[in-house]
Amino acid sequence: MHDADDLIEINPLDLFCSSLDTLRGTSIDQIIPPNSGWSSRPNAGSGVAGLPSTAAQTTNNLLAGISGGSGAYRTDRDEIQSMCRRGIPPSLKCAAWIINVVAAANPSMSKSDCDDFGTFRKVRVIDHGWDLTLKSLFPDESDLERAEVLDFGVGHDHLMNIMLRDHGGRPIPDKGIRSLTKVLHAARDSLGLEFCPLLPDVSCLLLSYMPESYAYATIRQMVIDDSSYFLAISRVQHLSWCKTFSDLMKRCFPQTAAVMEQIGALKPSGLEPILKRFLIPLLRRKHVLRVMDIYTGEGAHALFRIGTTLCCLAHAHLGDTIRECCDNVALFWEGVRRFAHSKHFRFDIFLHQAYGVQKSFRILTRPIFPRYDFVARLISNNEAWAEENQSNLPIHKDKKALGLREGRLPIVLAKHSPERLCLAEWLPPSLQSTRLELIYSSSHHGRSIEMFYRCCSSAIHTVTIMEVLGTDKLVGMYASQTWHNNPDGYGDGGCFLFRLNPNPECFKYKVGASRVGSFDNDELENISRLDDAGQLMISSGTFISMGVGEGGASGLRLNEDLTRGSTSKSIGFDNEELIAEGQEVFEVGLVEVYRFIREVDNKPVDKVDPWKGMFD
């Protein structure tokens, strides 16, 4: 029991704000573990961290020293950073994250002023500023309804993963998508950000523990004075970060760097899982949140330190398998992901290694990883290189046409390279350097949906191409899961529809305009396109289809004997009629289905797993 006088002494405005899951709407554990070092009754007097106070330190013990200073303040800074590495309790993440960022972004700001951002003293100011921003951006509700989630250079495929699976394992609910849309549009239109690949993921992480207003206020502090302490906010800065990461790998872990360089993992396009996606494709979510605890205080330096160390440890565990079986960047990062999700990976031990020191000259010690000021100078020096090379070094490498694996069946519809080049540009990165192998042809196997399923059973990822009878028009669909009899629906946001000839165009799954009203306008029965992502492929004994349309229509559909097709606008892909405007039904000529073959060993992509059993 606390003394009643202690409770009276606490000013309610000095209490720290509790965390709130705006992104997914889940409840947050409000229990602060005992003996964790974090205050069980956090307020401006005790500090969130609950460090011992002195007469000279009555406020903001959470971030003492981060904004500068020496002596006792410096000791507090080291202690706070150490505590953040051990993890911030979920209920304190909102307050701790914003105070961390404010203190790091404003070195001259007093501790008490930094601390106020996490307490109720700032709630009205932050909320009022957010309300004004929203009124300016979305003067009418219809403006928000038409707004789409911005990608800031992260790329369509990554953006789909962000919204469909990477933040919680399931699609982000409509309410969370609206909040994310607001924050990202505010960052673009009010803060002037245009290229900032880390921003969508960082925004999602902030919204997982903050209201919209606090997430926006935190991002605003991150980009003060166009600093790259937290975020790369231009193409030049991003390329400079990539060059710096490569330089640090070669300096600290030269053997790992040599392997990564050989397969292209140190190129800007190869470093996307770390410098565009905040390690989210590689680490478990609970570990990503631990990285976020550190990042809010240490900025990009934490990403460089943790990212390089993770690559080195994964390389040590993967061993010679990388050189023998790993021929592309996607396969390398899949190996890193497997390691980071295995029983061999202990996050606390990993952090100890990342932040460890090595002995030198018996007595002196020095950090294994360079200090912040060294990394900051390296980033600054590399900006000149980035300026000179940005036009010659695209973020996404130039694509080449998919190859062909000739077999006993003649390839017809994918024979010409222009069509295969289009497919390479549309496919996920892991399939862009593969060959196509024909596994079903209506001219050889016959026009039977049962035979279609049987031939497709050997592959997970497939491309189906069909010709419109009597014309040179080619349309098709990419399936991210194995075709089989399942009228309830399956597939995910990786599926897409396409037209190869004439006027090649790809229609990928989109999230913008995410609601379609029901017939009775009951708000509870609105269809969410994110929920429809698991019903993009629907097939039975009488038809196969992709894309959910109104009135039972489909984006592309084939009947049971594969002789008639139909196409219409679908909710998920927002596609036009694939054949011609106003032409929904068409006669089908040749139908071909292809699977993907690895170039390095000529084996099917779906049957090759070099990491299988390695971490069991």
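Residues numbered from 1 in each chain as written. Predicted model: local features only at pLDDT ≥ 70, side-chain atom pairs only at ≥ 80, totals over all residues. Heavy atoms only, no water.

1. Some details on the overall build of the protein
Test applied: Secondary structure elements are defined from DSSP: runs of H or I of at least 4 residues count as helices, runs of E of at least 2 residues count as strands, and each element is numbered from the N terminus. A simple rule labels every residue: compare its accessible area, found with a 1.4 Å probe on the protein chains alone, to the largest value its type can have, and call it buried under 20%, exposed over 50%, or partly exposed in between. Contacts between residues were defined by any pair of non-hydrogen atoms, one from each residue, lying within 4.5 Å. Computed with the Shrake-Rupley method and a 1.4 Å probe, the accessible areas treat only the protein chains shown as cover for residues.
Across its full length, the protein carries 22 helices and 16 strands. The burial tally for the protein puts 53% of its 616 residues in the buried class. In the protein, the proportion of contacts linking residues at least 24 apart, taken out of those at least 6 apart, comes to 69%. Of the accessible surface of the protein, which amounts to about 27100 Å², a share of 49% is contributed by carbon and sulfur atoms.

2. Side note on the confidence of the model for the protein
Detailed conclusions should not be drawn from predicted coordinates in areas where pLDDT is low. We count it as follows: Confidence scores per residue from the predictor, reported as pLDDT, run from 0 to 100.
Summarising the model, the protein shows a mean pLDDT of 84, and 83% of its residues fall at 70 or more. Per-element confidence in the protein ranges from a low mean pLDDT of 37 for strand 10 (residues 515-516) to a high of 98 for helix 9 (residues 199-207). Within the model, pLDDT remains below 50 along residues 394-398, and this stretch shows twelve contacts once partners closer than five positions in the same chain are excluded. When the criterion is pLDDT under 50, residues 513-531 qualifies, and its contacts beyond four places in sequence or with other chains add up to 35 contacts.

3. What to know about the environment of F350
Looking at the element boundaries, F350 is found in helix 18 (residues 347-354). Classification of F350 as buried rests on a relative accessible area of 1%. Residues F350 and I306 lie 44 residues apart in sequence; the distance between their C-alpha atoms is 8.7 Å. Those residues in contact with F350 that lie beyond four places of it in its chain are I306, T309, L310, L313 and F345.

4. What to know about the nonpolar core
What counts here: Residues enter a nonpolar core if they are buried and are Ala, Val, Leu, Ile, Met, Phe, Trp, Tyr or Cys, with the set joined through side-chain atoms within 4.5 Å.
In this structure, L231, F278, F304, L310, W333 and W483 are the most contacted members of the largest nonpolar core, which totals 158 residues. If you look at the next biggest cluster of nonpolar residues, it comprises 24 residues, including L409, L423, C506 and F596.

5. A short note on helix 17 (residues 329-340)
Every α-helix carries 3.6 residues per turn, so stepping three or four residues along brings you back to the same face. What counts is decided by this rule: In this scheme, a helix's expected span is set at 1.5 Å multiplied by one less than its residue total.
Over its twelve residues, helix 17 extends 17 Å from the first C-alpha to the last, a length consistent with the 16 Å expected when each residue adds 1.5 Å. Regarding helix 17, the residues found buried are V329, L331, F332, W333, G335, V336, F339 and A340.

6. Topic: the pairing of strand 6 (residues 474-479)
As a reminder of what qualifies: In short, DSSP must find at least two bridges between two strands for them to pair.
For strand 6, a buried count of six out of six residues is recorded, marking the element as mostly surrounded by other parts of the structure. Judged by which residues are buried, strand 6 turns out to be covered on both faces: L474, G476 and Y478 on one side and V475, M477 and A479 on the other are all buried. Where strand 5 (residues 462-468) meets strand 6, six bridges bridge the pair, whose relative direction is antiparallel. Each residue of the ladder has a partner; that of V463, found in strand 6, is Y478. Between strand 5 and strand 6, which pair antiparallel and follow one another directly, the connecting turn spans five residues, one of which, G470, has a positive phi of 80°. Sheet topology places strand 6 next to strand 8 (residues 496-501); five bridges connect them, and they run antiparallel. Bridge assignment links G476 to a residue of strand 8, and that residue is F498.

7. Topic: the pairing of strand 5
Sheet faces and side chains relate simply in a regular strand, where the side chains alternate between the two faces. Among the seven residues of strand 5, six are classified as buried, and the element is accordingly described as predominantly covered. Pairing of strand 5 with strand 16 (residues 585-598) involves five bridges; the strand directions are antiparallel. Looking across to strand 16, one finds that V468 is bridged to V588.

8. Remarks on the packing of helix 8 (residues 174-189) against helix 10 (residues 212-222)
Stated formally: Orientation is described by axes fitted as lines to C-alpha atoms, over the contacting stretch for helices, and by angles from 0 to 180 degrees between their N-to-C directions. Here the word oblique covers every angle except those under 35 degrees (roughly parallel), over 145 (roughly antiparallel) and from 65 to 115 (roughly perpendicular). In this scheme, a crossing is called left-handed if the near helix is turned counterclockwise away from the far one by less than a right angle; it is called right-handed if the turn is clockwise. Residue classes follow a fixed rule: Ala, Val, Leu, Ile, Met, Phe, Trp, Tyr, Cys and Pro count as nonpolar, while Asp, Glu, Lys and Arg count as charged, and any other residue, Gly among them, counts as polar.
Across the interface, helix 8 lies against helix 10 with an axial gap of 10 Å and an inter-helix angle of 30°. Taken together, the axes of helix 8 and helix 10 are roughly parallel relative to one another. Classified by chirality, the crossing of helix 10 by helix 8 is right-handed. Along the contact surface, helix 8 presents S179, K182, V183, A186 and A187, while helix 10 presents E212, Y216 and I219. Each residue belonging to the contact of helix 8 with helix 10 can be placed in one class, and the counts come to five nonpolar, one polar and two charged.

9. What to know about the side chain of S480
To keep things clear, this is the line we draw: Here a polar contact means two N or O atoms within 3.5 Å. Within protein one must be a hydrogen donor candidate and the other an acceptor candidate, and residues neighboring in sequence count only if both atoms are side-chain atoms.
With respect to the helices and strands, S480 occurs in the loop between strand 6 and strand 7 (486-490). Accessibility expressed as a relative area gives 9% for S480, which makes it buried. A polar contact is formed between the side chain of S480 and the side chain of D492, at a distance of 2.8 Å. Sequence-distant contacts of S480, that is, excluding residues within four places in its chain, are made with I460, H461, G491, D492, G494, C495 and M537.

10. Description of the pattern of salt bridges
Quick note on the threshold: The term salt bridge refers to a side-chain nitrogen of Lys or Arg lying within 4 Å of a carboxyl oxygen of Asp or Glu.
A complete count under the given rule lists 23 salt bridges for this structure. Between K508 and D157 there is a salt bridge; the shortest N-O distance is 3.1 Å. Placement of the pair is K508 in strand 9 (residues 505-508) and D157 in helix 7 (residues 156-166), with a sequence separation of 351 residues. With a relative accessible area of 27%, D157 lands in the partly exposed category. Across the salt bridge formed by E334 and R337, the nearest N and O atoms sit 3.0 Å from each other. Taken together, the positions of E334 and R337, both in helix 17 and three residues apart, correspond to about one turn of that helix. Since its relative accessible area comes to 25%, E334 is described here as partly exposed. For R337, a relative accessible area of 26% corresponds to the partly exposed category. Several salt bridges share partner residues, and in doing so they unite R165, D166, D201 and R277 into one network.

11. Observations concerning the packing of aromatic side chains
For clarity, the threshold we go by: When two rings of Phe, Tyr or Trp (its six-membered ring) have centres within 6.5 Å they constitute a pair, described as stacked for plane angles under 30 degrees, edge-to-face for angles over 60, and tilted for the intermediate range.
Overall, the coordinates contain 22 aromatic pairs when judged by the stated rule. For the ring pair W130 and Y216, a centre distance of 5.1 Å and an interplane angle of 40° mean the geometry is tilted. In this pair, W130 is assigned in helix 5 (residues 123-137) and Y216 in helix 10, connecting sequence segments 86 residues apart. Looking at W130, the relative accessible area reads 5%, which means it is buried. With a centroid separation of 6.3 Å and an interplanar angle of 40°, the aromatic rings of F245 and F304 are classed as tilted. Taken as a pair, F245 in helix 11 (residues 235-252) and F304 in helix 15 (residues 300-318) lie far apart in primary sequence, 59 residues in all. Classification of F245 as buried rests on a relative accessible area of 0%. Classification of F304 as buried rests on a relative accessible area of 0%. What links up through ring pairs into an aromatic cluster is the set Y229, F230, F278, Y295 and Y372.

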